[in-house]
Amino acid sequence: MMLRVSKIKLRFRLLTQRFASFEARKKSVIEKAAVDGELRVFIVAGEVSGDNIGSRLMCSLKKLSPLPLRFHGVGGSMMCKQGLTSLFPMEDLAVMGLWELLPHLYKFRVKLKETIVAAAMFKPHVVVTVDSKGFSFRLLKQLRARYNQQHLENSAVHFHYVAPSFWAWKGGESRLGGLSEFVDHLFCILPNEESVCREHGVEATFVGHPLLEDINLVRACKPQESKLEGLGKYSLPSDSTVISVLPGSRLQEVERMLPIFSKAMKLLKDPFPNLVTLIHVASNSQVDHYIGKSLRQWPVPAILVPSGSTQLKYDAFGVSQAALCTSGTVAVELQLACLPSLVAYRAHFLTELFIRYKAKIPYISLPNILLDSPNIPEALFRACNPSNLALILERLLLDEEMRGKQVVAAEKLARLLHPSESGMSSKLVHYSDLDSHRNTPSNLAASTILSYAKR
C-alpha cells in the first residue's frame, strides 16, 4: 500500500515538473513576433472616443516595442495619423441604441464579414478592439471560432480596451463569464472593474481613464491663462456669456439632440443677451456637414470648435461659463476640466423604455455614477426638452453653489480614475500629482500587450 502511494506521489511530482516546464516555455507576444521580425497589430475602433484611445495606444506601442510594427484594421483620423489605413470609414460602425441599429443591420453584417476576412489575411500577432462592444465582441468571437476550426496553435492574442458597462445593467455581471471564451485580456478604465472581471474568470487590468492623458497634455504644453486672454482669442467681448455645446459624435444622436439644443439657446437669449455658443464638432465628416447646415437656423452667435486639437478644445472650455452636452465620455472630460455642465439625452422611445427597464443605476453620466452623487444635473428622456434645458442652464450660470459642487467633485473623480502607483495606494493622491507620463493608461496598456504570455 505504501509503495503504491509513493508511486502516485512520484507521478504527480513528474507531472507537476512537466507542467512547470511547459509554463516556462510560454513566450510573450513580443517574443513570438520576433520570429517574424515585426509585430502585426489588427486594431478596431468604431467611434470618436475609441479613435482617441486607439491612436494613443498605437503611439505607445511604437515607443515601447523593440520590433517594427504594422497596423491594420478600422479607425478614424487620429489612428490613421499613427499609421493605420482604415478598411472603411469608422463612421459606418457608429450606431448607438437598439431600435436605431435595425435600419443598419445589413451594412453592419457586411462590414463585420469584411473585417473578419481582412484580419485573417493580415495574420496578426495581436487583435485589439476598442469599446463599441456590439461590433467588437462579434468580431473577436468569430475570429476565435476560425482559430479553433483551423486548429491554430499560435493564434492572435485578443485584447479589448474599455470593459463593458456591466455595472449599469441588471444581470450585467453574470454575462462577464462568457467573455473569456474570446477575450484574452480586458483593459478597464474605471476602478473596481478589474476585480469584478477577474472574479468572473476574465483577465483584466485597470489602466486608468484615457482622458487623464488629455488633461496632462494640456497642462504640460501651456500655463494657465486668464479668461480675458482666452476671450480675446475668440474676439469676444469681456461681458459675453459663453456656453460650450457638445451635441455628440454620432450622426444619429446629433440629429436628435442639436434641434433641442438650438431651441434651448433661443429661450436663453432674453436672460442672457450677450450669449455666445462654442459648438464642438466631432471628428466625423457626416456630423461636420450636418452641424454646418444647422448653423443657418442657430438662434445665437456661434463659433465652431473643430476636432483634432486637444489644446483648442480645452481653450474653448476655459472661456466657457457652462456646457451643454449629450451624454457620453464628454461628461467626464468636462468634469475633469472643471467646467460646470448639464448632461442631456434622448433616444428612440423604445430604446428609452428598455433603458428604464434594464438600468440599475439612477444616473446616466459617469461622474455621477462613480461618485454616487448628482453633482452634474441630468435632463433625460422626456425631461430633455428645450424649456427644461434652458431653465437648468440659467440656474447653472447664476448659482455659485451649484457650480462649486461640480468643481469640487472634479478632484475626487480624477483620483478615482487614476490607477494607484506603487507605494501610493495608502495615501491620498492629489489632483495635481496625476501627471506621470510613464504610467499613462496608454503606456500601461501597451506594456501589458507586449509582455503578455497567453495561458
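It should be noted that the structure appears before, not after, this text.
Overview of the pattern of salt bridges
Line of reasoning, step 1. Summed over the entire model, instances satisfying the criterion amount to 13 salt bridges.
Line of reasoning, step 2. Linking Asp214 and Arg56 is a salt bridge whose minimum nitrogen-to-oxygen distance equals 2.0 Å. Of this pair, Asp214 sits in helix H8 (residues 211-221) while Arg56 sits in helix H3 (residues 48-64), and the two are 158 residues apart along the sequence.
Line of reasoning, step 3. Arg56 sits in the buried class, given a relative accessible area of 18%.
Line of reasoning, step 4. In this structure, the salt-bridge partner of Glu194 is Arg198, at a minimum N-O distance of 3.3 Å. Here Glu194 pairs with Arg198, and both are found in helix H7 (residues 193-199), just four residues apart, close to one helical turn.
Line of reasoning, step 5. Note on Glu194: relative accessible area 26%, which makes it partly exposed.
Line of reasoning, step 6. A single network of salt bridges, built from pairs that share partners, joins Asp36, Glu38, Arg40 and Arg70.

Focus: the layout of surface pockets
Line of reasoning, step 1. Volume-wise, the second largest pocket comes out at about 940 Å³.
Line of reasoning, step 2. Around the second largest pocket, the lining is made up of 33 residues, and of these Lys32, Glu153, Asn154, Ser155 and Ala156 lie nearest the centre.
Line of reasoning, step 3. Of all elements in the fold, only helix H1 (2-25), helix H2 (29-34), helix H5 (105-122) and helix H6 (133-150) reach the threshold of two or more residues within the lining of the second largest pocket.
Line of reasoning, step 4. At five residues, H6 tops the list of elements feeding residues into the lining of the second largest pocket.
Line of reasoning, step 5. When grouped by side-chain class, the residues that make up the lining of the second largest pocket number 14 nonpolar, seven polar and twelve charged.

Thoughts on a positive patch on the surface
Line of reasoning, step 1. Taken together, the side chains of Arg109, Lys133, Arg138, Lys141 and Arg175 define a basic patch exposed on the protein surface.
Line of reasoning, step 2. Broken down by element, the positive patch gets its largest block of residues, three residues, from H6.
Line of reasoning, step 3. Within the fold, Lys141 resides in helix H6.

Thoughts on the sheet that holds strand E7 (residues 241-246)
Line of reasoning, step 1. Taken in spatial order, the six strands line up as E9-E8-E7-E10-E11-E12 in an open sheet, and their pairing is parallel. Here the strands that pair on one side only, and so sit at the sheet edges, are strand E9 (302-305) and strand E12 (378-380). Within this sheet the neighbouring strands show an average axis-to-axis angle of 20°, counted without direction.
Line of reasoning, step 2. Here E7 pairs with strand E10 (residues 322-326) via four bridges, running parallel. The residue bridging Leu246 from the neighbouring strand is Cys325, located in E10.
Line of reasoning, step 3. Running at roughly 155° to strand E8 (residues 275-280), helix H12 (residues 310-319) makes contact with E7, E8 and E9 of the sheet.

Some words on the environment of Ala359
Line of reasoning, step 1. On the secondary structure map, Ala359 appears in the loop between helix H14 (349-358) and helix H15 (366-371).
Line of reasoning, step 2. Taking C-alpha positions, Ala359 is 9.1 Å from Trp167, a pair spaced 192 residues apart along the chain.

A closer look at the side chain of Ser136
Line of reasoning, step 1. You can see Ser136 is positioned in helix H6.
Line of reasoning, step 2. For Ser136, a relative accessible area of 1% gives the class buried.
Line of reasoning, step 3. Leaving out residues up to four positions away in the same chain, Ser136 has contacts with Thr129, Val130, Asp131 and His160.

What to know about the sheet that holds strand E3 (residues 126-130)
Line of reasoning, step 1. An order of E2-E1-E3-E4-E5-E6 is seen for the six strands of this open sheet, with the pairing classed as parallel. The sheet is open, and its two borders are formed by strand E2 (69-74) and strand E6 (204-206), each paired with just one other strand. Within this sheet the neighbouring strands show an average axis-to-axis angle of 20°, counted without direction.
Line of reasoning, step 2. Sheet topology places strand E1 (residues 39-45) next to E2; six bridges connect them, and they run parallel. Along E2, the bridge assignment pairs Val44 with Val74.

Some thoughts on the packing of H3 against helix H18 (residues 441-451)
Line of reasoning, step 1. At their nearest, the axes of H3 and H18 sit 8 Å apart, and the two run at 55° to each other. As far as their axial angle goes, H18 and H3 are oblique. Our pair here, H3 against H18, has a crossing hand that is right-handed. Note on element contacts: H18 touches H3 through Ser442, Asn443, Ala445, Ala446, Ser447, Ile449 and Leu450, opposite Arg56, Leu57, Ser60, Leu61, Lys63 and Leu64.
Line of reasoning, step 2. When its residues are assigned to classes, the contact of H3 with H18 shows seven nonpolar, four polar and two charged.

With respect to the packing of aromatic side chains
Line of reasoning, step 1. Tallied over the entire structure, the rule returns seven aromatic pairs.
Line of reasoning, step 2. Measuring from centroid to centroid gives 5.6 Å for Phe159 and Phe187, while their planes differ by 5°, and the two rings are stacked. A residue pair is termed long-range when its members are at least 10 positions apart, and Phe159 in strand E4 (residues 157-161) and Phe187 in strand E5 (residues 185-188) qualify at 28 residues.
Line of reasoning, step 3. With a relative accessible area of 0%, Phe159 lands in the buried category.

Analysis parameters
Residues numbered from 1 in each chain as written. Predicted model: local features only at pLDDT ≥ 70, side-chain atom pairs only at ≥ 80, totals over all residues. Heavy atoms only, no water. Salt bridge = Lys/Arg side-chain N within 4 Å of Asp/Glu carboxyl O. Helix = DSSP H or I, 4+ residues; strand = E, 2+ residues; numbered from the N terminus. Buried < 20%, exposed > 50% of the residue type's maximum accessible area, 1.4 Å probe, protein only. 1 Å grid on protein atoms, 1.4 Å probe; cavity = no way out; pocket = protein on both sides within 12 Å on 5 of 7 lines; lining within 4 Å. Points joined across faces, edges and corners; volume = space filled by probe spheres on them. Nonpolar A, V, L, I, M, F, W, Y, C, P; charged D, E, K, R; others polar. Patch = residues over 30% accessible without salt bridge, like charges linked within 9 Å, V, L, I, M, F, W, Y side chains within 5 Å. Areas by Shrake-Rupley, 256 points an atom, 1.4 Å probe, with all protein chains shown as cover. Lys, Arg positive; Asp, Glu negative; His and termini not counted. Charge placed at Lys NZ, Arg CZ, Asp CG, Glu CD. Pairing = 2+ DSSP bridges. Axes fitted to C-alpha atoms, helices over the stretch in contact; angles between N-to-C directions. Contact = heavy atoms within 4.5 Å. Parallel < 35°, antiparallel > 145°, perpendicular 65-115°, else oblique. Left-handed = near helix turned anticlockwise from the far one by under 90°. Phe/Tyr/Trp six-rings, centres within 6.5 Å; stacked < 30°, edge-to-face > 60°.

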